[in-house]
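# Examination of the molecular architecture
Here is how the chains run, residue by residue.
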Amino acid sequence: MSFKTLAALMGTCAALSLTGCASIVGDSDQSLTISSSPSDAAVVITDETAKQIFVGTTPTTVTLKKSDGSYFGGKTYHVEIDKPGYQTREMELTASANGWYIGGNILFGGFIGWLVVDPFNGGMYTLSPDEINADLGDAVSIEGESQSLNLVMMEDVSADMKDKLVKIGQI
């Protein structure tokens, strides 16, 4: 083996020993696709400090940080999807250790990757769920219009109103 080949191999091994497996394979950010039925619903994402991270409408894709930069500082996000006249949906996105961090560091990254590199940069985490498809349900009201249903006994209806009644079914 030549000196250049040996030096290149040693340099590669040294570089790999200073990184974690999840840092090599994973990213510090993750894309999240958000859709709703019906579409054009407002989306607000806040983080664990109640800081507003994103405001938009569905469908959308947003890129979120997986770590807050502190030691083992996985992020948590609160997602609210709202459209007037429909049910509001709220959910939490949480960061958890991914397979590359757990298994990859046992095989490749070693102690430094497991306890030093990966816990800081966010590559060790996966945000879940990684996709949101919110069903906002059926319309519960018509915006700007108040609807009500009043039941009355037939004997309480005036004679002139009885002439305007339309029979819609047999009971």
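Residues numbered from 1 in each chain as written. Predicted model: local features only at pLDDT ≥ 70, side-chain atom pairs only at ≥ 80, totals over all residues. Heavy atoms only, no water.

## Some points on the pairing of strand β6 (residues 89–97)
This is how the line gets drawn: A strand pair is defined by DSSP finding two or more bridges across the two strands. Strands here are runs of E lasting at least two residues and helices are runs of H or I lasting at least four, both read from the DSSP assignment and numbered beginning at the N terminus.
With 6 bridges connecting them, strand β5 (residues 76–82) and β6 associate as antiparallel partners. What sits directly across from V79, in β6, is M91. Between the end of β5 and the start of β6, which pair antiparallel, lie 6 residues, with G85 showing a positive phi angle near 90°. Pairing analysis gives 4 bridges linking β6 to strand β7 (residues 125–128), with the strands arranged antiparallel.

## Quick notes on the sheet that holds strand β2 (residues 42–47)
Rules: Note on geometry: axes are C-alpha line fits, over the in-contact stretch for helices, and angles between N-to-C directions span 0 to 180 degrees.
The 5 strands are arranged β3-β2-β5-β6-β7 in an open sheet whose pairing can be described as antiparallel. Either end of the sheet is taken by a strand with one partner, and the two such strands are β3 (52–57) and β7. Recorded for the sheet is a direction-independent mean angle of 15° between the axes of neighbouring strands.

## Quick look at the nonpolar core
Rules: What is meant by a nonpolar core is a set of buried Ala, Val, Leu, Ile, Met, Phe, Trp, Tyr and Cys residues, joined one to another through side-chain atoms within 4.5 Å. When a residue's accessible area, from a 1.4 Å probe over protein chains only, is under 20% of the maximum for its type it is buried; when over 50% it is exposed; and in between it is partly exposed. Residue contacts are defined here by distance: any two heavy atoms, one from each residue, within 4.5 Å place the two residues in contact.
In terms of nonpolar packing, the biggest core is built from 16 residues, with I34, I45, I81 and I132 touching the most fellow members. Here the element with the most residues in this core is β5; it accounts for 3 residues. For I45, the contacting residues outside a window of four places in its chain are I34, K51, Q52, I53, F54, V62, Y77, H78 and V79.

## What to know about the pairing of β3
In this sheet, β3 lies alongside β2 in antiparallel orientation, the contact comprising 5 bridges. Bridge pairing in β3 links V43 to G56. Linking β2 to β3, which pair antiparallel, is a turn of 4 residues; within it A50 sits at a positive phi near 70°.

## Digging into unusual backbone geometry
Of note, the amide linkage connecting S37 to P38 takes the cis form, showing an omega dihedral of 0°. Mapped onto the fold, P38 is located in the loop between β1 (29–37) and β2. With an omega of 0°, the peptide bond running from S128 to P129 counts as cis. Along the chain, P129 turns up in the loop between β7 and β8 (131–135). At D40, a position not held by glycine, the phi torsion is positive, near 60°. Structurally, D40 can be placed in the loop between β1 and β2. Of note, the phi angle at A50 is positive, near 70°, even though the residue is not glycine. Relative to the helices and strands, A50 is located in the loop between β2 and β3.

## Section: the pattern of salt bridges
Convention followed: Note on definitions: salt bridges are taken to be side-chain nitrogens of Lys or Arg within 4 Å of carboxyl oxygens of Asp or Glu.
This structure, assessed with the given rule, holds 3 salt bridges. A salt bridge links K65 to D29; the shortest N-O distance between them is 3.3 Å. Pair noted here: K65 is in strand β4 (residues 60–65) and D29 is in strand β1, with a separation of 36 residues, a long-range link. For K65, a relative accessible area of 47% puts it in the partly exposed group. The class of D29 is partly exposed, set by a relative accessible area of 30%. Between E48 and K75 there is a salt bridge, with the nearest N and O atoms lying 3.2 Å from each other. Of this pair, E48 sits in the loop between β2 and β3 while K75 sits in the loop between β4 and β5, placing them 27 residues apart in sequence. Among the residues examined, K75 registers a relative accessible area of 9% and is labelled buried. Linked by salt bridges that have partners in common, D47, E48 and K75 make up one network.

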